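Close look at the chain arrangement
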Amino acid sequence: MHQRSGVADLVESVVFTEEKMQAMGIPKGTLPVGWWIGFKVLDKEVWEKVKDGTYPMFSIEGEAERVEAE
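1. Concerning the overall build of the chain
When its secondary structure is counted, the chain shows two helices and two strands. Secondary structure of the chain in N-to-C order comes out as β-α-β-α. Overall, the C-alpha framework of the chain stretches about 40 × 40 × 20 Å when taken along its three principal axes. Counting only residues that meet the buried cut, the chain has 7% of its 70 residues in that class. For the chain, restricting intrachain contacts to residue pairs at least 6 apart in sequence, the fraction spanning at least 24 positions comes to 53%. Carbon together with sulfur atoms contributes 53% to the accessible area of the chain, which is approximately 6,700 Å² in total. Placing the 8 positive and 13 negative side-chain charges of the chain at their respective mean positions leaves the two points 8 Å apart.

Structure, rendered in structure tokens:
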């Protein structure tokens, strides 16, 4: 499924807990508890396919380097 890469950038990442939503003034039941991420699709052809429903979802692929914490 990971045929293309570099078509979108992660622009936002937040974990919503009940406590955090209460502190932010978000009414209970408005958002689910969990991790929310937002992407900016950079590839115009891909974005058009997202908008017309050809791509109703996508898979996240990434790389990381494990670093020992002190």
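So that's the structure; there's more coming.
2. Concerning helix α2 (residues 44-51)
Its side-chain oxygen placed 2.9 Å from the backbone nitrogen of Glu45, Asp43 serves as the N-cap of α2. A positive backbone phi angle near 90° is found at Gly53, which sits one or two residues after α2.

Parameters at a glance
- Residues numbered from 1 in each chain as written.
- Predicted model: local features only at pLDDT ≥ 70, side-chain atom pairs only at ≥ 80, totals over all residues.
- Heavy atoms only, no water.
- Helix = DSSP H or I, 4+ residues; strand = E, 2+ residues; numbered from the N terminus.
- Buried < 20%, exposed > 50% of the residue type's maximum accessible area, 1.4 Å probe, protein only.
- Contact = heavy atoms within 4.5 Å.
- Areas by Shrake-Rupley, 256 points an atom, 1.4 Å probe, with all protein chains shown as cover.
- Lys, Arg positive; Asp, Glu negative; His and termini not counted.
- Charge placed at Lys NZ, Arg CZ, Asp CG, Glu CD.
- Polar contact = N/O pair within 3.5 Å; in protein donor to acceptor, adjacent residues only side chain to side chain.

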